[in-house]
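Listed here are the chains, written in short residue letters.
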Amino acid sequence: MRRRSAVVEHPFGTLKCRAGYRHFLLRGFDKVRGECSLIDLPLRISSRRS
């Protein structure tokens, strides 16, 4: 089994926790990716305003 080259769980976990988001509502990679993008959208907007 191949090891990951980077740890990706921590940044996504932090974003989800700050948003009060505990688990994904949809199943499937494409659906979860879209849901994650929606979670990330307010953070991106707020960082551009600063």
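Refer to the preceding data block for the structure.
All values reported here derive from a predicted model rather than from experimental measurement.

A. Expanded view of the pattern of salt bridges. In total, this model carries two salt bridges according to the counting rule given. Arginine 33 is paired through a salt bridge with aspartate 30; the nearest N and O atoms lie 3.1 Å apart. Taken together, the residues arginine 33 and aspartate 30, both in helix 2 (residues 29–49) and three residues apart, mark about one turn of the helix. Given a relative accessible area of 56%, aspartate 30 falls into the exposed group. With its nearest N and O atoms 2.5 Å apart, the salt bridge here joins arginine 44 to aspartate 40. Within this pair, arginine 44 and its partner aspartate 40 are both found in helix 2, separated by four residues, close to a single helical turn. What makes arginine 44 exposed here is its relative accessible area of 53%. Overall, the relative accessible area of 16% leaves aspartate 40 in the buried class.

Parameters at a glance
- Residues numbered from 1 in each chain as written.
- Predicted model: local features only at pLDDT ≥ 70, side-chain atom pairs only at ≥ 80, totals over all residues.
- Heavy atoms only, no water.
- Salt bridge = Lys/Arg side-chain N within 4 Å of Asp/Glu carboxyl O.
- Helix = DSSP H or I, 4+ residues; strand = E, 2+ residues; numbered from the N terminus.
- Buried < 20%, exposed > 50% of the residue type's maximum accessible area, 1.4 Å probe, protein only.

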